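Chain and residue survey
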Amino acid sequence: MTTHQLPDLTDTELAAQPAAHWTGVAYEALIAFTRARQAELGFTQPQFWLLRNLSPHDLSADGHGMTVAELQRAMSSYLRPEDDLAADSEVLLERGWLTRDDAGRLWITEAGDEARAGLRRHAPAIRARIHEGIDDADYVTALKVLRRMVRNVGAAGDGRG
């Protein structure tokens, strides 16, 4: 759904809208936008996550290699059903950004860590486009409202992804 397809609603009408619907619409639109920008730059979001999870300069606590299954468990809260870490890791192996040891663990290479840092540099531009026209105070308020809704229903979000 693009902004051109969003109906004009009054504040009263918006107040009656189901939050779950709009959080779902927002999630799908933001993921699609982010993944499209990353694809234009020659990588996928799961490839970036693989590099991040294997880098001792990012999400990896110890820099040790991990199997695809271990990486899937580590990323389970933000992987999408269509994500295929095995296929994405093969692409990174071909690029020389990962290596695989005899036990099947993937390890990030120096070139992979340099690529991870380079890919990360695109994030501010993607974020800027998403946040265009949104004041930081309004953004913070929106997140506080969503976090309160999550607490109201007894769930706990970890804020990742």
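What you see is a predicted model, and the numbers here were worked out from it, not measured in a lab.

Structural notes on the overall build of the protein
Each helix and strand in the protein was counted, giving eight helices and two strands. For the protein, the α and β elements follow one another from N to C terminus as α-α-α-α-α-β-β-α-α-α. Overall size of the protein, expressed as C-alpha extent along the three principal axes, is 60 × 35 × 30 Å. With 161 residues in all, the protein has 27% of them scored as buried. Taking the contacts inside the protein whose residues are at least 6 apart along the sequence as the reference set, 54% of them involve residues at least 24 apart.

Quick word on the side chain of S89
With respect to the helices and strands, the residue S89 is situated in helix α5 (residues 85–95). You can call S89 buried: its relative accessible area is 1%. Excluding its chain neighbours within four sequence positions, the residues that come into contact with S89 are L50, V68, L98, R100 and L106.

Some remarks on the pattern of salt bridges
The tally for this structure, following the rule as stated, stands at 11 salt bridges. Put simply, R100 and E90 hold a salt bridge, and the shortest N to O gap is 2.7 Å. Note that R100 is positioned in strand β1 (residues 98–100) and E90 in helix α5, a separation of 10 residues in sequence. Its relative accessible area of 41% is what places R100 among the partly exposed residues. For D101, the salt bridge goes to R105, with nearest N and O atoms at 2.9 Å. One connected set of salt bridges, linked through shared partners, spans E28, R35, R80, E82 and D83.

The rules behind these values
Residues numbered from 1 in each chain as written. Predicted model: local features only at pLDDT ≥ 70, side-chain atom pairs only at ≥ 80, totals over all residues. Heavy atoms only, no water. Helix = DSSP H or I, 4+ residues; strand = E, 2+ residues; numbered from the N terminus. Buried < 20%, exposed > 50% of the residue type's maximum accessible area, 1.4 Å probe, protein only. Contact = heavy atoms within 4.5 Å. Salt bridge = Lys/Arg side-chain N within 4 Å of Asp/Glu carboxyl O.

Geometric values such as these leave the question of function open.
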